[in-house]
Amino acid sequence: MSEKQGRVLIIAGSDSGGGAGIQADIKSVTILGGYAATAITAVTIQNTLGVSGVHPIPTEVVKAQARAVLDDIGADAIKTGMLGDIAMVETVAQILAQAGIPAVVDPVMISKGGANLLAPEAVDAVRSLMIPQSALLTPNAPEAEALTGLPVADLDGQRRVGEALLELGAAAVLMKGGHVPGDTVTDVLMTRDGETTFSGERLDTRHTHGTGCTLASACATGIAQGMPLEQAVARAWGYVHEAMRLAPGLGGGHGPLDHGW
Ligand code: PLP
């Protein structure tokens with residue numbers, strides 16, 4: 001492991017239930033030994049049963065949060081999550097361009113409970129502004145389908161869509177397999193130099209809230225700490241798997257993961 005602590009600027013939405021979004025991000029970065037700072041894009045009213053309200057933060061306030069962090073504390077990597085609408089995508093894309101540090105982009109679209117966390121008309125902006133700035137893009141199957149128009153029904157589909165996302169300008173794609181049917185879940189890490197797969201038995205649990213946020217943040221932490229990409233993703237994958245396995249079972253719906261407490 002690198003000796004660098006690793007500062008991660010998280011640009012994402014707040015989940016009042018503490019299971020996903022900024023809260024999952026801060027917990028993951030912290031447990032993995034990194035330093036978490038945040039620029040909050042939206043406040044969601046949320047628990048394990050679902051999202052009952054979304055309150056966007058003004059774009060100039062998001063920009064100011066990022067500037068305050070970057071101008072003083074600095075960051076070794078940025079992780080982006082929920083963006084909400086076109087104006088926020090444009091704002092965050094501008095922050096990434098100015099920061100010039102590796103970005104892990106989680107193209108969050110719809111929550112497991114069905115809430116829209118990205119306006120459908122903002123998908124084009126994510127494709128054109130966020131993907132080319134991604135050191136690592138971490139889509140699930142429905143997100144990859146929306147971004148490319150290609151179906152993702154199996155591992156071959158994951159690979160095809162991963163190639164398409166690399167062609168759109170991502171430096172690396174972690175094409176997640178949680179939404180692809182089968183007893184085994186395979187995530188495929190793809191770069192222009194080749195691929196690495198991460199496979200495990202599908203866990204029989206409803207406590208999967210925040211898995212995407214957690215995985216992306218854990219990857220960003222490793223990158224911030226100076227790990228090679230493959231090592232950062234491997235550690236993140238193991239972290240999420242354990243966090244799901246040990247989930248505390250809180251709430252009546254999709255409960256949060258375990259973050260070592
Ligand atoms: N709430 C916020 C603020 C999020 O950023 C996300 C996912 O990125 C979610 C909810 C959805 O989490 P899940 O789909 O894991 O339930």
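Conventions used here
- Residues numbered from 1 in each chain as written.
- Predicted model: local features only at pLDDT ≥ 70, side-chain atom pairs only at ≥ 80, totals over all residues.
- UniProt positions renumbered as here; feature names shortened; annotations may be inferred.
- Near = placed C-beta within 6 Å.
- Helix = DSSP H or I, 4+ residues; strand = E, 2+ residues; numbered from the N terminus.
- Nonpolar A, V, L, I, M, F, W, Y, C, P; charged D, E, K, R; others polar.
- Axes fitted to C-alpha atoms, helices over the stretch in contact; angles between N-to-C directions.
- Parallel < 35°, antiparallel > 145°, perpendicular 65-115°, else oblique.
- Contact = placed C-beta atoms within 7 Å.
- Left-handed = near helix turned anticlockwise from the far one by under 90°.

Per an unreviewed UniProt entry, the protein chain goes by hydroxymethylpyrimidine kinase and derives from Phenylobacterium koreense. Checking UniProt for the protein chain, the heading Pathway (unreviewed entry) contains the comment "Cofactor biosynthesis; thiamine diphosphate biosynthesis."

A few words now on the site of the ligand. Not every one of the 19 residues close to the ligand is listed here, only the nearest: Gly13, Ala20, Gly21, Ser111 and Lys112. Put simply, the parts of the chain that give the shell around the ligand at least two residues each are strand E1 (7-15), strand E2 (35-47) and helix H7 (211-224). Tallied by class, the residues present in the shell around the ligand amount to 6 nonpolar, 11 polar and 2 charged.

Two measures define how a pair of helices packs: the angle their axes make with one another and the distance between the axes. Contact geometry of helix H3 (residues 86-99) with helix H4 (residues 123-130) gives a least axis separation of 9 Å together with a crossing angle of 10°. As far as their axial angle goes, H4 and H3 are roughly parallel. In this structure, H3 contributes Ile86, Val89, Glu90 and Ala93 to the contact, and H4 contributes Ala125, Val126, Leu129 and Met130. Of the residues that constitute the contact of H3 with H4, the class distribution is 7 nonpolar, no polar and 1 charged.

Following both chains from N to C, one finds helix H1 (residues 21-31) and H7 inclined at 40°, their axes separated by 8 Å at the closest point. Here H1 is positioned oblique relative to H7, judged by the angle of their axes. Viewed along their axes, H1 and H7 form a crossing whose handedness is right-handed. The segment H1 lies against H7, with Gly21, Ala24, Asp25, Ser28 and Val29 engaging Cys213, Thr214, Ser217, Ala218 and Thr221. For the contact of H1 with H7, a count of residues per class yields 4 nonpolar, 5 polar and 1 charged.

Under the local residue numbering, the UniProt record ascribes the feature "domain: Pyridoxamine kinase/Phosphomethylpyrimidine kinase" (unreviewed entry) to residues 15-258. Annotated as residues 15-258, this span is 41% helix and 20% strand, and its ends, taken at the C-alpha atoms, are 16 Å apart.

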